[in-house]
Each structure stands twice: as structure tokens, then as C-alpha cells.
2 protein chains.
Amino acid sequence: MAGNKTNVAVLGTGGLGKVAARIIGMKSSMKLAAVCDSKGYAYAENGLDAETVAKLVGTEAVCNIPQYGHTSKDSLGEIIKLADKIDAIFVALPNLPNDFIPNVVKRFVEGGYRGVWSDALKRTPAMEMMFGLDDLLKQAQGVYITGAGATPGLLTAAAVIAAQSFTKVEHVNIWWGVGIPNWEDYKATIREDIAHLPGYNVEKAKAMSDAEIEQLLNSRSGRLELHQMEHADDLLLTRVGVVERRDQVEVGGIIDTRSSKKPVSTTMTLTGYTFEGKKSSHRFILGDETSMGANVVGPALGYLARAVWLKEHKIYGVFGSTEFMPMVVV
Amino acid sequence: MAGNKTNVAVLGTGGLGKVAARIIGMKSSMKLAAVCDSKGYAYAENGLDAETVAKLVGTEAVCNIPQYGHTSKDSLGEIIKLADKIDAIFVALPNLPNDFIPNVVKRFVEGGYRGVWSDALKRTPAMEMMFGLDDLLKQAQGVYITGAGATPGLLTAAAVIAAQSFTKVEHVNIWWGVGIPNWEDYKATIREDIAHLPGYNVEKAKAMSDAEIEQLLNSRSGRLELHQMEHADDLLLTRVGVVERRDQVEVGGIIDTRSSKKPVSTTMTLTGYTFEGKKSSHRFILGDETSMGANVVGPALGYLARAVWLKEHKIYGVFGSTEFMPMVVV
């Protein structure tokens, strides 16, 4: 680390990557050391200007950043070369295909990166692959916290807290509302959501052109309503024993791509039985004014700080966001 | 530990102590090894029957437990003699006076106890004394998690999770409702609550006879409404940086001593500003059917399991419930 600051690299500069750059720029304990996208990367030993990154729009890529930007056909490989300059990585890459992020992590660790990680991984099969890298991370004395966004992440961690009042948990229901005024800022996220619709899957969603996505959204007045999504909240909650079976966790929600107003309030409801045998539900409700960016990236950076703490305490491996309290990043 | 079970001692057998005994009896990973009250103690190497302890009423003391009960004028001293038979202690002793629990902990550690602890400590000055024992616990390779009940505890931890969405937290408000059909099961708790009323303090509340308490409750139809309580949520949340100042945390509530129905839903509301400058509030709302016992003792045992984990990882000292995720106890 440079002084007391954690040198952070953000992989990917879609909607979440840009928000991450902006928030890191507001923190006195973190420095934005490097960013990359499909066209190149940018690195500055003393830290990139977060606003410059956050304000990149449309076809502007990080390689266009004056002085620090470079084009590259293998921008991830360029970041790996900087491994010893980076303490912490937030993975804001597309979640699809499922093995994409796990393979990137494998490549970084095999390439010599020894720092810590957090991600906002969503799908269960992808997270299973991440946990499969536990031995690799332990050998490299690295720490990886997965599912550290909003759901899984913020809401899943709240479920662990809520579970404490009950001796048996029956059901965890996560019902989210997301409002984004312009879906093009969240292309990868929207494709992932479409993959959950009946008749669609990961491959089909990934293969869709932007025009096809636009057409699909138009046919639904810009709204997607999703039920029983394959979300890794189920894996994370069984892992820590909140529920016994994955089908006790249900994730769904409504995304409105034509308004920043949320169509419903995002709510985690945990229902269980107390020691007296009484059935009840605790709820965790997010304020409607909080954006997806705030609710995903805030926790991801809080978990990144926790990952630094774990490494300092020589606790290595791949962990879920349900295993540790995120820290408050100043 | 005996096999894979954590040998737990419960200090105090008031309302919370009895609930703790009952819940420990439902767990396969914990064993109720010892309990004590002002008249004596009970210990069984293979574990006490939790229901026998939980069903003690009125003047029945733990010394009356067949085969395992013993009278003693220094029951805490008797438990200290069993130090090497006990892995974990839940402190369910009266919170008053403020130095009572810290002094008990000091005596145990100086007497050779090397295990872990959790408590449901409420008042800020008492918790400050607990954190003052950090060096002592570190030297003894012990782990103590304080403020591990409902508030502070469950709701305070939820505030740490909620804070993740915001770059600046303005205010944390905890407003609780408690309904108990018979105040005599929670004599110490009610005295503590009375100490928060205008015109009362800790000494005055402690000096009140049961008849005087009864009279006070009668004059208020059995209800106490408390505002700006001196609750250690403020200390715990400043400690981890959720807020900068203690006065940004406010705790109050209504206790009804004549009904098990809660007069209001217990709610933690955290209000802050997102990175975009938007003001919003996340809320964590407890189900009305959950009792004080369930919401205090469940988390306290979850934190006790986390304390065991911390000791296994050689992380020692006094910590707050806002620093670690409670674990799910099977």
C-alpha cells in the first residue's frame, strides 16, 4: 500500500465500474490506481483522477485518458503486469459467460497477483466456480470475497443478521426494484437479467444485439419482471447455514429501464420460527432513492476493506459476503 | 470443547438467562455446562438439562436442580473454579451498576478463565469499561464480544450493513417496541429502563422496591416510553465509523409490561447521503411476533459462536457486535 491508502484496480468500466471509480475517488483510505476495459487500460502510480474515469461516456475508453491511458488488445494482461503495485481489485466485469470472472481471477493469481478482491457476482454457477478457487487463493495468500454487491451482498448479509432471532428459517425472499433512466449504461446487467426471463438463457441473452434488446424492452414498456432468478444468494445462505436448501431462497424483482424511479421498494424478507415456535418475518427495506450503483458498489468496497483486514490477519481463501461484516470505508 | 460441542456457561438466570438455557438446549453445536444465580450454581460435565433450567420460576434457584445444583454465597467464584471446563460464557447478569459486568469479567480472567464471551450489555459507560479490558483479554488469549443482544446487537449490526449504500450517514434511529406479559420475569431489564426516565437514574432505579416499580408501572398503565436512551449503539457505531458523533445515534422505544403484544414495531432507520448526493433511508424492521428473548439471545449466541471462531484464528481482545458478522448456530 502507498502510505495508508489501499491501491485499488477496477476491472471493467461499465456502469458499476464507473460508479466504483467515483466512490473510490471520495475515499481517503483508497486510491484508484488502475482501470481497464476491452480497449485498453490506464494506470497512475499516484492515482488516477476518479472523475475523469467516471465521466467517460459512450465510445470513450480508458485508453483515451490523457497521460495515463494506453490501448491494448490484452488489457487484463497489462494489469497483471502491474500486480505488485495493486493491493485490491474490484471486479466489475460482465458476469457472462459464467466462467469468465473465475478464469480472470485464475489468470491473475497464476500471473503473480497476491492482493485481495471483491466482486458483484450474481449467478449461482459462476459463484460455485469461484469457491472452487479457494485452494488457489489460499496458496497465493490472497483473499476473495464474492457476491459482495446488493443481491447477493447487502441484502444477503442482512438475511444473516435477521436469521439470528430464529431457531429455524423457513424462507428468504428478496424482491428488488431497480430504476435506470438509460439501459445502455448497464448493458451487461440488462443482458444478465434477460437471461432469467422464461424462454431465455445466458447464451441467448449474450448473443442478442443492442437493437434486439431495445426491441424486447419496447415490447414490455421498458420493464422486466423476473421471478425465481438463479441468484447466488441461495448458495451464500446455505453455505453459512441460514437455510438448509437452496430452494428456500427466492430472488426476483422488477427493473424499469425508462426511469430512475424504482418500480417497487427493494426488500429482503426472512421468515422463520422463534425458539417459542412463533412464526414471524424480519424485513430489510432499501430506501427508494438509493441507486443500484450505490447499493452494489458501496458494499463491494466495504467488503474489499474487509478482505484487506482478513489478509492482514493471515486469513486467506475465497469467502462469501455472508461470512464477514463489510467495513465502513472512510 | 467436548467433542464438537461448545461448553457454554450462562451467568444469571433471569428472563434472558432462562431463554439462553432453552435455546442452547435446542442446538447440536452447544452444550449447557453451567449456570449460576445469586443463591448458587449448577454444573454437569455432560450438560445440564436445558428445560429444567428454563422452567425454574419464582424463588426456585439453580441450586435446587436435582443432582447438579449447589448452594453458594459466591456462585461466580464456583464457576471460576470450573474455568477449564468451560469454552464460552454468555453474560446474562444485571447491567447495573455499570461496573458490575466489567468487574465480573476481570475476576474471571484474573481467575484463569481463557475462553470466549458475549453479553447483552446496553449502557454506554458500561461498554466503555468493557473496551478498557481489551489488553487483559488479549493477554489471556480470550475473546469478548460486547453489545451482542438486540439493541445494541442485531439492530446495530443491521445499521453497519445499511451504511454501506451511503458515503455519509446522517442519523441512525432505533425505535423499539417490547411487550412482556409479566414484568417480574424481567426485573433487572425493567429497572434499567426506568433508569432512562426523566427524573430517574441508575442508582434510583436500583434502589426501588418491587412494590415501588409496580406502583410506577400502574401509574403509566403498564407502559414506559423512553427517548434518547443512553444506549451503547452510539459507541459501537462511532467505533466502526458508521457515524462520526455519538449524538447521530438515537435509541428509544415503548415497553408494555401488560401484554406480550408489541406496542410498536421495532425499527432501525439509517439515513444518509449516497455518492450522488441523494438522501435516503434504509430500514430494518423486526417481526412483531418475535420476543425480546428471541431477539436478544439469538444474536448473543451467534456472536458467541463468532467469538469461538476468532479465538480459533488467534484474534483476541474485546470487540463490538458491529465488528463481526454473527454466525448461525446449528
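Residues numbered from 1 in each chain as written. Chains lettered and ligands numbered in written order. Predicted model: local features only at pLDDT ≥ 70, side-chain atom pairs only at ≥ 80, totals over all residues. Heavy atoms only, no water.

Q: I would appreciate a short explanation of the side chain of T146 of chain B in the present structure.
A: All names here are of chain B. Assignment of secondary structure puts T146 in strand β7 (residues 143–146). At 2.9 Å, the side chain of T146 forms a polar contact with the side chain of D119. With residues up to four places along the chain from it excluded, the contact list for T146 reads D119, L121, M127, M130, F131, L236, V318, F319, G320 and S321. (Helix = DSSP H or I, 4+ residues; strand = E, 2+ residues; numbered from the N terminus. Polar contact = N/O pair within 3.5 Å; in protein donor to acceptor, adjacent residues only side chain to side chain. Contact = heavy atoms within 4.5 Å.)

Q: What exactly am I supposed to notice about the sheet that holds strand β5 (residues 88–91) of chain A here?
A: Sheet strands line up and pair through hydrogen bonds in the backbone, either parallel or antiparallel. Residues and elements named next belong to chain A. Strand order in the open sheet made by the eight strands is β4-β3-β2-β1-β5-β6-β7-β13, with mixed pairing throughout. This sheet does not close on itself; its edge strands, each paired only once, are β4 (69–71) and β13 (317–320). With strand direction ignored, the average angle separating the axes of adjacent strands in the sheet is 20°. Pairing geometry for strand β3 (residues 40–43) and β4, over three bridges, is antiparallel. Paired with Y41 across the strands is H70, a residue of β4. (Pairing = 2+ DSSP bridges. Axes fitted to C-alpha atoms, helices over the stretch in contact; angles between N-to-C directions.)

Q: Would you take a moment to explain the interface of chain A and chain B for this structure?
A: Reports often express the size of an interface as the amount of accessible area lost when the parts come together. Contacts between the two partners involve 54 residues from chain A, matched on the other side by 53 residues from chain B. Both sides of the chain A and chain B interface together cover about 4200 Å² of buried area, and 67% of this is carbon and sulfur. The three residues of chain A that bury the most area against chain B are Q164, F275 and M325 of chain A, which together make up 18% of that side's buried surface. Run the count over chain A and chain B and you get zero salt bridges. Applying the counting criterion to the chain A and chain B interface returns 18 residue pairs in polar contact (both at pLDDT 80 or more). If one sorts the elements of the side of chain A that touches chain B by residue count, helix α12 (residues 292–312) of chain A sits on top with nine residues. A class-by-class count of the residues in the side of chain A that touches chain B yields 26 nonpolar, 18 polar and 10 charged. (Buried area = accessible area lost by both parts, 1.4 Å probe. Salt bridge = Lys/Arg side-chain N within 4 Å of Asp/Glu carboxyl O. Nonpolar A, V, L, I, M, F, W, Y, C, P; charged D, E, K, R; others polar.)

Q: Explain helix α10 (residues 210–219) of chain A here, please?
A: An α-helix turns once every 3.6 residues. As a result, residues three or four positions apart point the same way. Residues and elements named next belong to chain A. Three or more residues of α10 are buried, namely I213, L216 and L217. Buried positions in α10, seen along its axis, are confined to an arc of 95° and lie on one side of it. Turned more than 90 degrees from where α10 packs its buried face, A211, Q215 and S219 sit exposed. Among the structural elements, α8 (187–194) and β9 (223–226) are those in contact with the buried residues of α10. (Buried < 20%, exposed > 50% of the residue type's maximum accessible area, 1.4 Å probe, protein only. Arc of directions from axis to C-beta.)

Q: Can you help me understand the pairing of strand β2 (residues 30–37) of chain A in this one?
A: Residues and elements named next belong to chain A. Within β2, eight of the eight residues are buried, leaving the element largely enclosed by the surrounding structure. In terms of strand pairing, strand β1 (residues 6–11) meets β2 through six bridges, oriented parallel. Within the sheet, the bridge partner assigned to L11 lies in β2 and is C36. Note that the unit made of β1, helix α1 (residues 15–25) and β2 has a crossover that is right-handed. For β2 and β3, the ladder comprises four bridges, and the chain directions are antiparallel. Across the sheet, C36 pairs through a bridge with Y41, a residue of β3. Here β2 folds back onto β3 in antiparallel fashion, the turn holding two residues. (Right-handed = clockwise from strand over helix to strand, strands pointing away.)

Q: Help me understand the confidence of the model for chain A, please; the structure alone is not making it clear to me.
A: Segments scoring low in pLDDT should not have their predicted coordinates read at a detailed level. Put simply, chain A has an average pLDDT of 94, and 98% of its residues get 70 or more. Across the whole predicted complex the pTM is 0.95, and at the interface the ipTM reaches 0.94. (pLDDT = per-residue confidence, 0-100.)

Q: So what exactly am I meant to see when it comes to the packing of helix α1 (residues 15–25) of chain B against helix α12 (residues 292–312) of chain B here?
A: Packed helix pairs are specified by the crossing angle of their axes together with the interaxial distance, meaning the distance between the axes. All names here are of chain B. Where α1 contacts α12, the axes come no closer than 10 Å and their chain directions differ by 60°. Between α1 and α12, the angle falls in the class oblique. Note on packing geometry: the crossing formed by α1 with α12 is right-handed. In contact with L16, V19, A20, I23 and I24 of α1, α12 contributes G293, V296, V297, G298 and L301. Here the contact of α1 with α12 is composed, by residue class, of eight nonpolar, two polar and no charged. (Parallel < 35°, antiparallel > 145°, perpendicular 65-115°, else oblique. Left-handed = near helix turned anticlockwise from the far one by under 90°.)

Q: Please clarify how the pairing of strand β11 (residues 267–273) of chain B should be interpreted in this entry.
A: In regular strands, side chains alternate between the two faces of the sheet. Residues and elements named next belong to chain B. The buried count for β11 comes to five of seven residues, which makes it a mostly enclosed element. In terms of strand pairing, strand β8 (residues 168–179) meets β11 through seven bridges, oriented antiparallel. The residue of β11 that forms the bridge with W175 is T267. Counting the residues in the hairpin turn of β11 and strand β12 (residues 279–285) gives five residues, including G277, whose phi is positive at 85°.

Q: How do you make sense of unusual backbone geometry when you look at a structure like this?
A: It is generally the case that most residues other than glycine have a negative phi and that most peptide bonds are trans. In this structure, the amide linkage connecting T151 of chain A to the following residue, P152 of chain A, adopts the cis form with an omega of 0°. Located in the positive-phi region is Q67 of chain A, a residue other than glycine, with phi close to 75°. In this fold, Q67 of chain A is placed in the loop between α2 (50–54) and β4. Exposure remark for Q67 of chain A: the relative accessible area of 69% places this residue in the exposed category. The backbone of K314 of chain B sits at a positive phi, close to 60°, despite the residue not being glycine. Classification of K314 of chain B as exposed rests on a relative accessible area of 63%.

Q: Please clarify how the pattern of salt bridges should be interpreted in this entry.
A: Side-chain pairs of opposite charge can arise whenever the charged atoms involved come near each other. All names here are of chain A. Taken as a whole and assessed by the stated rule, the structure comprises 30 salt bridges over all chains. Here D210 makes a salt bridge to K187, at a shortest N to O gap of 2.6 Å. One end of the pair, D210, is in helix α10; the other, K187, is in helix α8, with 23 residues separating them in the sequence. Exposure remark for D210: the relative accessible area of 27% places this residue in the partly exposed category. Look at K187 and you get partly exposed, because its relative accessible area is 32%. Through salt bridges with shared partners, a single ionic network connects R22, E51 and K55.

Q: Explain the sheet that holds strand β12 (residues 279–285) of chain A here, please?
A: The 10 strands are arranged β9(A)-β10(A)-β8(A)-β11(A)-β12(A)-β12(B)-β11(B)-β8(B)-β10(B)-β9(B) in an open sheet whose pairing can be described as mixed. A strand with exactly one partner marks an edge of an open sheet, and here the two such strands are β9 of chain A together with β9 (223–226) of chain B. Strand-to-strand twist in this sheet, taken as the mean axis angle between neighbours without regard to direction, amounts to 10°. Two elements, β9 of chain B and strand β10 (residues 249–256) of chain B, share four bridges in a ladder whose sense is antiparallel. Bridged to E225 of chain B within β10 of chain B is I254 of chain B.

Q: What should I look at first to understand the relation of the copies chain A and chain B in this one?
A: Two chain copies here: they are related by a rotation about an axis and a translation along the same axis. Rotating chain A by 180° and translating it 0.0 Å along the rotation axis places it on chain B, where the RMSD comes to 0.0 Å. Taken together, these values place the two copies in the relation of a two-fold axis. (Least-squares fit on C-alpha atoms with pLDDT ≥ 70 in both.)

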